[in-house]
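Chain by chain, the residues run as shown.
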Amino acid sequence: MNWTNLSADERRQAARDWLAALSGALARRDYRRVAGMMHGDGYWRDLLTFGWEFRTLHGIEAVRAWLPGAFDRHCISDVRLDGDCAIGSMLEYRPTLEFFFRFETEMAHGRGYARLLAEPDAPDGPKALTLLTAMHEWKSFPQSNARSRPREDLSLAARQADNWLDRRNAARQYREHDPQVIVIGGGQAGLMVAARLRQLDIDALVVEKTARIGDVWRNRYHSLHLHNETCMNHFAYLPFPEHWPAFIPKDKLADWLEFYAEAMEVNVWTGTLCLGGGYDEGAGCWNVRLRLADGSVRTMRPSHVVIALGVSGIPSIPELVGAREFGGPIVHSNSDTDALAVDGKSVLVVGAGNSAHDVAQQMHWRGAKVAMLQRSSVTIVSLESSVRPYQLYRDNDGVRPIEDTDLIAASVPYPLLARLHRPLSKRMAEEDKDLLDGLRKVGFLLDNGEDDTGYFLKLLRYQAGYYLNIGASDLIVEGKIKLKAGVDIARLRPSEVVFSDGTSLHADIIVLATGYQPLQEGVRALFGDEVADRVGPIWDIGADGELCAMYARTGQPGLYVSGGGLPGARAYSHYTALLIKAEIEGLLVDRRSASGGARPPERRAEPAAAATPY
Ligand SMILES: Cc1cc2nc3c(=O)[nH]c(=O)nc-3n(C[C@H](O)[C@H](O)[C@H](O)COP(=O)(O)OP(=O)(O)OC[C@H]3O[C@@H](n4cnc5c(N)ncnc54)[C@H](O)[C@@H]3O)c2cc1C
């Protein structure tokens, strides 16, 4: 059977037949048969359906070993096709028959996405190359939609003393009660998870240390635009208007964040710094100390805390011998570099990641003589080829709801994504040959990721170690930004930097674009060693093929971590909110899951690395 030769009806029937066979085998608990419906190189990814965690299983044996423990406790039924089928391909496997499906568990509605290979020689029919099963909604806590909007009794409203605004203002003041959840950080990740919690009727407060929502973007350098296109950057529930530009300017995004919080009725306290706190094991809640905008300190006792601090908030600052002698400003790139008077000055930018390039480019155009110090290699990609990894979002922008595109994206587990990105990043490097050759010529140290998977996997693993060229690479190739590569700073002298190879450079200003400490250190700074050690290293793809301690339950009860790029924060805040709701409502009967509970810290594959290479 070749999927491409079938009519649309026949494809739908083939998908229905496969789903019926899957459903039947699961109902009979015939796990051998279920596992046999997977391709030998197939991946089954489960997001909260068969346990309270994210799971990636690769191959028939892994599925067979997992199912008895998982499915016996979390059955699914009523597996049914949802919409039309598409024809696709993946790696060397083609064509694939792809479709959404829906199913039910005892407590939830589920959604899934499958990619089938026809396998004409297999006696028992098509095999799944990828299979995603994901929790969509708790049955007891349905979310509103266009057909089930909250409906106010207007005759009652007419008699009430307070109106919507009065109630909204009262709710966000927390005069006499504490929220159930505190979200630390009012960037896009914090706001989206809070919006989702709000839809699940959970009282969540976002605390944001800056004066105004969006300041995290307003305070970044003047010319900043998002580097990925709008098609992948939509917010949960509220996609950007269709007339918005492909690359959103930072202040436009900042204002959107502010608007989003209001539109989604997210409670935010700005000018409020989370000072830290601790977990009260006995009471099963947190003590969270907040320094409010008026300088007072208030301790709140939420059951849950979501860390949405961004990269970690703690800059990585190398110790420089002779720093006192240097004489000029030495600042980290997270400070207001726009405020430095650089015209005619010699500036050394230490680092070669995204921030380093952006700062170097900015300073060059502001009249500085800029040199970049690169200690270790970086992945460079032109803006044109950087779109390839998210072609899925481009193709589906305005065509299907972003949640559906997120499900298709989630159906490709990280290990498979890494396999896809080896050939893809090679192709991107070929497209960028002229740029990369030019960089090599001036001695720039290039890499293609630790496993040859290019920038996109670096982005997913730790958001560092790459640069999407918006012009700084060209300036380096042209010699307008000088480069010192493969050395370290040995010491500083008055207005001079001496490198480890004995050479030296005149400098008036040093900008340390040296990245940030791992996010686990941010957790440590707020909640201490015990909590940070329970959470373990955050980010990177663990040996189990899932991100470490992100979005799902962590080793610390009541603590979740959100963040990353917009697509990840948007898609996975859905699951974070479902889990928090379940914990608050007592739906997760025991914290330990069929497969052993929250992931222990030691599951990590490689050490965390949030620092920008330099
Ligand atoms: C030049 C550039 C281009 C980018 N382009 C894209 C793109 O196109 N697409 C994309 O997805 N991503 C892009 N990113 C990445 C983007 O920065 C991150 O995706 C995003 O900012 C992370 O969001 P976040 O909410 O996790 O963290 P942040 O946006 O950093 O927000 C964290 C918030 O927490 C607050 N905070 C920290 N500590 C505390 C505390 N103790 N108490 C209270 N509040 C606190 C901070 O003030 C901040 O507002 C880009 C980044 C840069 C710099």
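Up top is the structure these notes are about.
Our subject in this report is the structure included herewith.

So, how was this worked out
- Residues numbered from 1 in each chain as written.
- Predicted model: local features only at pLDDT ≥ 70, side-chain atom pairs only at ≥ 80, totals over all residues.
- Heavy atoms only, no water.
- Helix = DSSP H or I, 4+ residues; strand = E, 2+ residues; numbered from the N terminus.
- Rg over C-alpha atoms; globule rule 2.2 N^0.38 Å.
- Contact = heavy atoms within 4.5 Å.
- Expected span 1.5 Å × (residues − 1).
- Bend = angle between axes of the 7 residues up to and from the residue.
- Buried < 20%, exposed > 50% of the residue type's maximum accessible area, 1.4 Å probe, protein only.
- Salt bridge = Lys/Arg side-chain N within 4 Å of Asp/Glu carboxyl O.
- Near = heavy atom within 4 Å.
- Polar contact = N/O pair within 3.5 Å; in protein donor to acceptor, adjacent residues only side chain to side chain.
- Areas by Shrake-Rupley, 256 points an atom, 1.4 Å probe, with all protein chains shown as cover.
- Nonpolar A, V, L, I, M, F, W, Y, C, P; charged D, E, K, R; others polar.
- Axes fitted to C-alpha atoms, helices over the stretch in contact; angles between N-to-C directions.
- Pairing = 2+ DSSP bridges.

### Here we look at the overall build of the protein chain
Inference 1: Tallying secondary structure elements over the protein chain gives 19 helices and 24 strands in all.
Inference 2: Against the globule reference of 25 Å for 614 residues, the protein chain gives a C-alpha radius of gyration of 26 Å, in line with a compact fold.
Inference 3: In terms of overall dimensions, the protein chain has a C-alpha envelope of 80 × 70 × 45 Å along the principal axes.
Inference 4: Contacts spanning at least 24 positions in sequence make up 67% of the contacts within the protein chain whose residues lie at least 6 apart.

### Looking at helix 14 (residues 414–431)
Inference 1: Helix length check: helix 14, at 18 residues, gives a terminal C-alpha distance of 24 Å against a target of 26 Å (1.5 Å per residue), a fit within 8%.
Inference 2: Where helix 14 bends most, at His 421, the angle is about 35°, and the proline Pro 423 comes one to four residues later.
Inference 3: When we look at burial in helix 14, the residues that qualify are Tyr 414, Leu 416, Leu 417, Ala 418, His 421, Leu 424, Ser 425 and Met 428.
Inference 4: On its buried face, helix 14 sits against strand 1 (38–47), strand 3 (76–90), strand 6 (127–138), strand 17 (379–382), helix 16 (454–462) and helix 19 (566–585).

### Concerning the pattern of salt bridges
Inference 1: Evaluation of the coordinates by the stated rule reveals 49 salt bridges.
Inference 2: Residues Arg 12 and Asp 9 are paired through a salt bridge, measuring 2.3 Å at the closest nitrogen-oxygen approach. In this pair, Arg 12 and Asp 9 both sit in helix 1 (residues 8–27), three residues apart, roughly one turn of the helix.
Inference 3: Linking Arg 80 and Asp 78 is a salt bridge whose minimum nitrogen-to-oxygen distance equals 3.4 Å.
Inference 4: The class for Arg 80 is partly exposed, based on a relative accessible area of 30%.
Inference 5: A relative accessible area of 45% places Asp 78 in the partly exposed class.

### Examining the site of the ligand
Inference 1: In the region of the ligand, 31 residues are neighbours, and Glu 208, Leu 224, Asn 228, Cys 274 and Leu 566 sit closest.
Inference 2: The backbone of Ala 189 places a nitrogen or oxygen atom 3.0 Å from an oxygen atom of the ligand.
Inference 3: The separation between an oxygen atom of the ligand and a polar main-chain atom of Gly 564 is 3.0 Å.
Inference 4: For the ligand, whose unbound accessible area comes to 970 Å², protein coverage reaches 86%.
Inference 5: Every element with two or more residues in the shell around the ligand is listed here: helix 6 (188–199), helix 7 (215–218), strand 10 (273–280) and helix 19.
Inference 6: Of the residues in the shell around the ligand, the class split is 14 nonpolar, 13 polar and four charged.

### As for the environment of Tyr 390
Inference 1: By the element assignment, Tyr 390 lies in the loop between strand 17 and helix 12 (391–396).
Inference 2: A residue is classified by how much of its surface remains accessible, and Tyr 390, at 1% relative accessible area, is buried.
Inference 3: Sequence separation of Tyr 390 and Arg 461 is 71 residues, and the distance between their C-alpha atoms is 16 Å.
Inference 4: In contact with Tyr 390, not counting residues within four places along its chain, are His 227, Asn 228, Glu 229, Cys 231, Met 232 and Tyr 455.

### Examining the packing of helix 14 against helix 16
Inference 1: In the contact formed by helix 14 and helix 16, the axes pass within 7 Å of each other and the chain directions differ by 145°. Contact residues: Tyr 414, Leu 417, Ala 418, His 421, Ser 425 and Met 428 in helix 14; Gly 454, Tyr 455, Phe 456, Leu 457 and Leu 460 in helix 16.
Inference 2: The class makeup of the residues in the contact of helix 14 with helix 16 is eight nonpolar, three polar and no charged.

### Side note on the sheet that holds strand 8 (residues 204–207)
Pairing between the strands of a sheet is mediated by backbone hydrogen bonds and can be parallel or antiparallel.
Inference 1: Ordered by their spatial adjacency, five strands build an open sheet running 9-8-7-13-24, and the pairing between neighbours is parallel. Single-partner strands in this sheet number two, and they are strand 9 (267–269) and strand 24 (559–561). Taking each pair of neighbouring strands and ignoring which way they run, the sheet shows an average axis angle of 25°.
Inference 2: Here strand 13 (residues 304–307) pairs with strand 24 via three bridges, running parallel.

### Section: unusual backbone geometry
Inference 1: Here Arg 94 and Pro 95 are connected by a cis peptide whose omega angle stands at -10°.
Inference 2: Summarising the element assignment, Pro 95 is placed in strand 4 (residues 93–105).
Inference 3: Even without a glycine there, the phi angle at Leu 91 is positive, about 50°.
Inference 4: Residue classification places Leu 91 among the partly exposed residues on the basis of a relative accessible area of 23%.
Inference 5: With phi around 70°, Tyr 551 is a residue other than glycine that occupies positive phi space.
Inference 6: Looking at the element boundaries, Tyr 551 is found in the loop between helix 18 (519–535) and strand 24.
Inference 7: Judged by its relative accessible area of 3%, Tyr 551 falls in the buried class.

### Structural notes on the side chain of Thr 49
Inference 1: Among the structural elements, Thr 49 can be located in the loop between strand 1 and strand 2 (54–58).
Inference 2: For Thr 49, the contacting residues outside a window of four places in its chain are His 74, Ile 76, Phe 103, Thr 105, Thr 133, Ala 134 and Met 135.

### Re the sheet that holds strand 10
Inference 1: Reading across the sheet, the three strands line up as 10-11-12 and stay open at both edges, with antiparallel pairing between neighbours. Sheet topology places strand 10 and strand 12 (297–300) at the edges, where each strand pairs with a single neighbour. Across this sheet, the average inter-strand angle for adjacent strands is 15°, counted without regard to direction.
Inference 2: Across four bridges, the pairing between strand 11 (residues 285–291) and strand 12 is antiparallel. Bridge assignment links Val 288 to a residue of strand 12, and that residue is Met 300.

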